[in-house]
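Descriptive analysis of the structure
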Amino acid sequence: MPPAHTPSDDEPGRPVRSLHLNESPFGPSPAAVAAMREAVSLLNRYPDHDGSLLIGRLSTRSDVPAGRIVIGAGSNELLYASADVCLDAGHEAVAPVPGFPTYAKTIALRGATHVGVPVRADGTVDAEAMLAAITGRTRLVFAASPHNPTGGLLDAAGVEALARGVPDDVLLHFDEAYFEFGRHAGGPDALASLQARRGPWIITRSFSKAFGLAGARLGYGLCSDAGLADAYRRIRVNFSVNATALAGALAALGDHGHLEKILAHTAAERAVLSRGLASLGYAVLPSAANFVSAIVPDAAGDPVARLRAENVFIGGFAWIDGRKAVRITIGSREDTEAVLSLLGAAP
């Protein structure tokens, strides 16, 4: 099931702070909002199913031919599509754990076996262990950078290892939902490495995070070849991406100033939150995303429940050794101060 939606902010003096879904604390680009408002007046017409204008712009930005680019209702739709494209009962799919829950869910829906591979101690995908987990029954490998829920960023060697090491008859799905944050943090160009791969691959990215369009639901995939892209198009639900989302995304791509403001704020606030958590005894994982994750000290009790009682919502997950961990979205400075103050209080 999807995470619970944040409740309404209707308690004076106890504002709701939604820091569990990795949403942007800021609205979309003003240019995107204007474009979406204009698109609303034409909602009596179906959208362009193929998103031709947007795909053309993405092709120019990525230098990937338009025929190899696909869109979906969030990159989440394309995660499901990857399983539909290549998994059947008896097959296996390799994915990092802890990982984005959709990986395991979509594998199970196809009747395949989810082979979970623990991430490294720093929260990055363990490329060598992922490759070692591949068998003759493997048909799909999910990998992510920055990784959710840890924020870990693969280095160039890790990306290269996956690109070279995943067999040519296995689909490599490289999840870059936090792509813009990762590049801003100095991450490698995964696309360049995957372009040299002989086997099939798809890189998926999202407008939900850095572009602040989570409610619009739009993502896209860069595919290894036109044939693979056609496979995604054939199984996609008709008109799954609405007209307002297409208009907003196209405008958002052109507002570089707004994006840079988001990325700069995220990097600065991520550092503040990381230092604050460390000072409270949390073992902070290095993050290149718009969230910070940390292992909870034994004496802290259940910080997720404690903060929820104060209308502050953060995420929780189990670390690879069974200890509790938390994931906290980067919000405003006021959000950061509220979180650190509440966590610093006695449980």
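None of the values given here were measured: they were computed from a predicted structure.

Attention now goes to the domain arrangement of the protein chain. We note that the domain assignment places domain 1 (30–254) and domain 2 (257–344) within the protein chain. Distance between the C-alpha centres of domain 1 and domain 2: 25 Å. Contacts between the two partners involve 25 residues from domain 1 and, on the opposite side, 22 residues from domain 2. Broken down residue by residue, the surface that domain 1 buries against domain 2 is led by P149, F181 and H184, which jointly contribute 31%. Here domain 1 and domain 2 share four residue pairs in polar contact (both at pLDDT 80 or more) between them. Broken down by element, the side of domain 1 that touches domain 2 gets its largest block of residues, four residues, from helix α7 (residues 179–184). Grouping the constituent residues of the side of domain 1 that touches domain 2 by class yields 14 nonpolar, eight polar and three charged.

Pairing in this open sheet of seven strands is mixed, and the strands run β2-β8-β7-β6-β5-β3-β4 from one edge to the other. With partners counted over all chains shown, the strands left at the sheet margins are β2 (69–72) and β4 (113–118), one partner each. The mean angle between the axes of side-by-side strands here comes to 20°, regardless of whether they run parallel or antiparallel. Note: strand β7 (residues 201–206) against strand β8 (residues 219–223), five bridges, orientation antiparallel. Paired with I203 across the two strands is L222, which belongs to β8. With respect to the sheet, helix α4 (residues 101–109) is in contact with β3 (92–97), β4, β5 (138–144) and β6 (171–175), its orientation differing from that of β5 by roughly 165°.

Quick look at the UniProt feature "domain: Aminotransferase class I/classII large" (unreviewed entry) in the protein chain now. In the numbering adopted here, UniProt assigns the feature "domain: Aminotransferase class I/classII large" (unreviewed entry) to residues 19–340. The annotated region residues 19–340 carries 41% helix and 19% strand content, and the separation between its end C-alpha atoms amounts to 13 Å.

Here we come to the sheet that holds strand β11 (residues 312–318). The five strands are arranged β1-β11-β12-β10-β9 in an open sheet whose pairing can be described as mixed. Each edge of the sheet is formed by a strand with only one pairing partner; in this case those strands are β1 (17–19) and β9 (283–284). Contacts between helix α11 (residues 256–279) and the sheet are confined to β9, β10 (291–295) and β12 (324–329), with β10 contributing the most and set at about 15° to the helix. Strands in contact with helix α13 (residues 333–344) are β1, β11 and β12; relative to β1, the strand with the most contacts, it is inclined by about 85°.

This part is about the nonpolar core. L162, F174 and F207 are the most contacted members of the largest nonpolar core, which has 55 residues in total. Here this core gathers at least three residues from each of two domains, domain 1 (30–254) and domain 2 (257–344). Those residues in contact with L162 that sit more than four places away from it in its chain are A127, M130, L131, A143, L154, L172, F174 and R197. L87, A112, L140 and L171 belong to the second-largest nonpolar core, a separate cluster that totals 21 residues.

With that settled, the discussion passes to the environment of D84. Checked against the element boundaries, D84 lands in helix α3 (residues 74–86). Along the backbone, D84 and Y232 are 148 residues apart, and their C-alpha atoms lie at a distance of 8.8 Å. Look past the residues within four positions of D84 in its chain and what remains in contact with it is R110 and I235.

On to the packing of helix α1 (residues 30–40) against helix α10 (residues 243–254), then. Running from N to C, α1 and α10 cross one another at 150°; their axes reach a closest spacing of 8 Å. Classified by the angle between their axes, α1 and α10 sit roughly antiparallel to one another. Like other packed secondary-structure pairs, α1 and α10 cross with a definite hand, here right-handed. Here α1 contributes A31, A32, A35, M36, A39 and V40 to the contact with α10, which in turn contributes A243, T244, A247, G248, A251 and A252. In terms of residue class, the contact of α1 with α10 is made up of 10 nonpolar, two polar and no charged.

Calculation criteria
- Each chain carries its own residue numbering, running from 1 in the written order of its sequence.
- Note on the predicted model: pLDDT of at least 70 is required for a residue's local features to be given, and 80 or more for side-chain atom pairs to be given and counted; whole-chain, interface and lining totals, by contrast, use all residues.
- To get the side-chain values, all heavy atoms of the structure are used, and hydrogens and water are removed first.
- Domain delimitation follows an automatic or database domain assignment.
- In this analysis, two residues are considered to be in contact whenever any of their non-hydrogen atoms come within 4.5 Å of each other.
- What counts as buried area is the accessible surface, traced by a 1.4 Å probe, that two parts surrender upon association, with contributions from both included.
- Pairs of N or O atoms within 3.5 Å make up the polar contacts considered here, provided that, within protein, one atom can donate a hydrogen while the other can accept it, and that residues adjacent in sequence are counted only when both atoms are side-chain atoms.
- Labels follow the DSSP assignment, with helices taken as runs of H or I lasting at least four residues and strands as runs of E lasting at least two, numbered in each case from the N terminus.
- Residue polarity follows a fixed list, in which Ala, Val, Leu, Ile, Met, Phe, Trp, Tyr, Cys and Pro are nonpolar, Asp, Glu, Lys and Arg are charged, and the others, Gly among them, are polar.
- A pair of strands is considered paired only if DSSP assigns at least 2 bridges between the two.
- Axis lines are fitted through C-alpha atoms, for helices just across the contact stretch, and the angle between N-to-C directions can take any value from 0 to 180 degrees.
- UniProt positions are given in the numbering used here, feature names are shortened, and annotations may be inferred rather than shown by experiment.
- Joining through side-chain atoms within 4.5 Å is the link that ties buried Ala, Val, Leu, Ile, Met, Phe, Trp, Tyr and Cys residues into a set, and such a set is a nonpolar core.
- Per-residue accessibility, obtained with a 1.4 Å probe over protein chains only, is compared with the maximum for each type, and a residue is labelled buried under 20%, exposed over 50%, and partly exposed between these values.
- Here is the rule for angles: anything less than 35 degrees is roughly parallel, anything more than 145 is roughly antiparallel, 65 through 115 is roughly perpendicular, and the remaining ranges are oblique.
- Handedness of a crossing is defined here by the sense of rotation of the near helix relative to the far one, left-handed for an anticlockwise turn of less than a right angle and right-handed for a clockwise turn.

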